[in-house]
Amino acid sequence: MKLLIHADDLGNSRSISDNILDCFGSHLPLNGASIMANGHAFDYAAEEFNKLNGNYRLAVHINLMEGPACLSSDEVPLLVDKQGYFRHSFQSLFAAYYVSSKNRKAIAAQVKAEMRAQMQAVAKYLPPNCELHVDSHQHFHMIPFIFKLLMELHQEIPIGYIRIAREPFFFHIKGKGILNYFGLNLIKHLLLNFLAKKCIKLLKGTHIKSPDFFVGVLFTGNISIYSVTKA
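Being a predicted model, the structure only gives us computed values, none of them experimental.

Quick notes on the rules
- Residues numbered from 1 in each chain as written.
- Predicted model: local features only at pLDDT ≥ 70, side-chain atom pairs only at ≥ 80, totals over all residues.
- Heavy atoms only, no water.
- 1 Å grid on protein atoms, 1.4 Å probe; cavity = no way out; pocket = protein on both sides within 12 Å on 5 of 7 lines; lining within 4 Å.
- Points joined across faces, edges and corners; volume = space filled by probe spheres on them.
- Helix = DSSP H or I, 4+ residues; strand = E, 2+ residues; numbered from the N terminus.
- Pairing = 2+ DSSP bridges.
- Axes fitted to C-alpha atoms, helices over the stretch in contact; angles between N-to-C directions.
- Buried < 20%, exposed > 50% of the residue type's maximum accessible area, 1.4 Å probe, protein only.
- Contact = heavy atoms within 4.5 Å.
- Right-handed = clockwise from strand over helix to strand, strands pointing away.

Chemist: Please explain the layout of surface pockets as it appears in this structure.
Modeler: In this approach a probe as big as a water molecule rolls over the atoms, and the regions it shows empty are the leftover space. In this structure, the largest pocket occupies an estimated 1,400 Å³ of space. Surrounding the largest pocket, 41 residues form its lining, Leu4, His6, Phe214, Val215 and Gly216 being those nearest its centre. Contributing elements (two or more residues each) for the lining of the largest pocket: β1 (6–10), β3 (57–62) and β4 (132–136). Ranked by residue count, the leading element in the lining of the largest pocket is β1, at 4 residues.

Chemist: Honestly, the sheet that holds strand β2 (residues 32–35) in this entry has me stumped. Any pointers?
Modeler: Strand-to-strand pairing in sheets goes through backbone hydrogen bonds, with the strands running parallel or antiparallel. Judged by pairing direction, the sheet is parallel, and its 5 strands sit side by side in the order β1-β2-β3-β4-β5 without closing on themselves. Among the strands making up the open sheet, the edge pair consists of β1 and β5 (159–162). With strand direction ignored, the average angle separating the axes of adjacent strands in the sheet is 35 degrees. The sheet contact formed by β3 and β4 spans 3 bridges and is parallel. Within the sheet, the bridge partner assigned to Val60 lies in β4 and is Val134.

Chemist: Before we go on, may I ask you to explain the environment of Ala165 in this structure?
Modeler: Mapped onto the secondary structure, Ala165 falls in the loop between β5 and α6 (184–203). Under the relative-accessibility criterion, Ala165 is labelled buried at 1%. For the pair Ala165 and His139, spaced 26 residues apart in sequence, the C-alpha separation works out to 7.6 Å. Dropping the residues within four chain positions of it, Ala165 is found in contact with His139, Met142, Leu192, Asn193, Ala196 and Phe214.

Chemist: How do you make sense of the pairing of β5 when you look at a structure like this?
Modeler: Regular strands have side chains that alternate between both faces of the sheet. Both β4 and β5 contribute to a ladder of 3 bridges, which runs parallel. In the strand pairing of β5, Leu132 is matched with Ile159. As a crossover connection, the stretch from β4 through helix α5 (residues 144–153) into β5 is right-handed.

Chemist: I would appreciate a short explanation of α5 in the present structure.
Modeler: In an α-helix, one turn spans 3.6 residues, which is why side chains three or four residues apart end up on the same side. Taken across its 10 residues, α5 has 8 buried, putting it largely inside the fold. Among the residues of α5, those classed as buried are Pro144, Phe145, Ile146, Phe147, Leu149, Leu150, Met151 and Leu153. On the buried face of α5, the contacting elements are α3 (90–98), α4 (104–123), β4, β5 and α6.

Chemist: I keep staring at the environment of Ala106 and nothing clicks. Help me out?
Modeler: When you line up the elements, Ala106 lands in helix α4. Expressed as a C-alpha distance, the spacing of Ala106 and Lys82, which sit 24 residues apart in the sequence, is 18 Å.

Structure representation (structure tokens):
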């Protein structure tokens, strides 16, 4: 088994970025991080990451729900408010695309354009012809129509790895761990495992790699060595 320990939200802010960057080193646990191209500290975080000594993985952390879009509000009006900040949650973007067929093509086109912009922004900090690693904030990329758009973008910007949040179910009843089975985390776990099956089918026939398993949904906000071991 090869265990990869990964940190999300690099570039979100300078303090978050510094905390993540401090976790890289010969005696420290991180194998890689995902960076937000639309984060307030994106350029700072990308430059500092490239100064690290080690073979670490830098992934694109596609973000369609928090902060400003990389594109202007005129280019992605169905995704942002008047100030250019994303206005959708996982549920509302899912519903906006699948419930209302009126704007379906426009939503897809704008999501694809914004993801392209974020991927290109990160690619500038990677070696030439380097295949991208991709995941997303709150697992947005696992919404079926967004995953299909990623497969289309793969023809323009080669993707070598996509994170799929397929988490094994496990019991962790130590302390207050049992409470995690009676809230939104369990719903997220079941939904993402269902969507993971669809994503894996779409990956067949490509050379894009993905993890066999993912840990971090059932115990979001309450991860411990014990819960990871149980998983």
